[in-house]
Amino acid sequence: REAFGQMELEGWETVASEYDNWFGSLTRQCIPTILNCLGVDGSANNESKRQKLLDVACGPGYVAREALDRGADVTALDFSREMLELAKKLCGDSA
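Residues numbered from 1 in each chain as written. Predicted model: local features only at pLDDT ≥ 70, side-chain atom pairs only at ≥ 80, totals over all residues. Heavy atoms only, no water.

A. Structural context of the overall build of the protein chain. Tallying secondary structure elements over the protein chain gives 4 helices and 2 strands in all. In the protein chain, the order of α-helices and β-strands from amino to carboxyl end is α-α-β-α-β-α. Long-range pairs, those at least 24 residues apart, make up 52% of the contacts in the protein chain between residues at least 6 apart in sequence. Total accessible area computed for the protein chain in this model is approximately 6,400 Å², and 53% of it derives from carbon and sulfur atoms. Considering the protein chain, the positive charge centre built from 10 side chains and the negative charge centre built from 16 side chains are found 7 Å apart. (Helix = DSSP H or I, 4+ residues; strand = E, 2+ residues; numbered from the N terminus. Contact = heavy atoms within 4.5 Å. Areas by Shrake-Rupley, 256 points an atom, 1.4 Å probe, with all protein chains shown as cover. Lys, Arg positive; Asp, Glu negative; His and termini not counted. Charge placed at Lys NZ, Arg CZ, Asp CG, Glu CD.)

B. A look at the pattern of salt bridges. As enumerated under the stated definition, the model contains 4 salt bridges in all. Linking D73 and K52 is a salt bridge whose minimum nitrogen-to-oxygen distance equals 3.3 Å. One end of the pair, D73, is in strand β2 (residues 73-77); the other, K52, is in strand β1 (residues 52-56), with 21 residues separating them in the sequence. A residue is classified by how much of its surface remains accessible, and D73, at 30% relative accessible area, is partly exposed. Here D69 ties to R65 by a salt bridge, and the two come within 2.8 Å at their closest N and O atoms. (Salt bridge = Lys/Arg side-chain N within 4 Å of Asp/Glu carboxyl O. Buried < 20%, exposed > 50% of the residue type's maximum accessible area, 1.4 Å probe, protein only.)

C. A look at the nonpolar core. Judged by nonpolar contacts, the single largest core of 18 residues is most densely connected at L35, L53, A67 and V74. At the level of secondary structure, the elements contributing two or more residues to this core comprise α2 (19-37), α3 (62-69), β2 and α4 (81-91). A per-element tally of this core places α3 first, with 5 residues. Not counting chain neighbours up to four residues away, the residues in contact with A67 comprise L35, V40, L53, A72 and V74. (Core = buried A, V, L, I, M, F, W, Y, C linked by side-chain atoms within 4.5 Å.)

D. Up close: the environment of S25. For S25, the location among the structural elements is in helix α2. It is 20 Å that separates the C-alpha atoms of S25 and C37, two residues lying 12 residues apart in sequence.

E. Focus on α2. Spanning 19 residues, α2 covers 25 Å between terminal C-alpha atoms, matching the ideal 27 Å at 1.5 Å per step. Along α2, the sharpest change in direction is near 35 degrees and occurs at S25. Turning to α2, its buried residues number three or more, namely Y19, G24, I31 and L35. Turning to α2, the residues buried within the fold contact α1 (2-15), β1, α3 and α4. (Expected span 1.5 Å × (residues − 1). Bend = angle between axes of the 7 residues up to and from the residue.)

F. Structural detail: the pairing of β2. Side chains V74 and A76 of β2 all project onto a buried face; the interleaved residues D73, T75 and L77 project onto a face where none is buried. Summarising the sheet, β1 and β2 pair through 5 bridges and their orientation is parallel. Within β2, the residue paired with L53 across the bridge is V74. Remark: the β1/α3/β2 crossover connection has right-handed handedness. (Pairing = 2+ DSSP bridges. Right-handed = clockwise from strand over helix to strand, strands pointing away.)

Listed below in structure tokens is the structure:
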């Protein structure tokens, strides 16, 4: 298992910068539906009522960014340091 995990990590580290070219448009078209189904709709009008979202395997941060734009409080995680760097660029310190 460890060998597979290491191989998987190395693979994502290598292709992180090209992810958008390969999967960006496919991923982005699903985001509104996913967030709508989760009830992340931007209806919270103050800090205490902000919806919370945990974006596991956030990749370059597309879902996290859209959720932030809708007013959610987002925590984004990924095991690839390169993917997290892309997510930080997209989301800033907000996620």
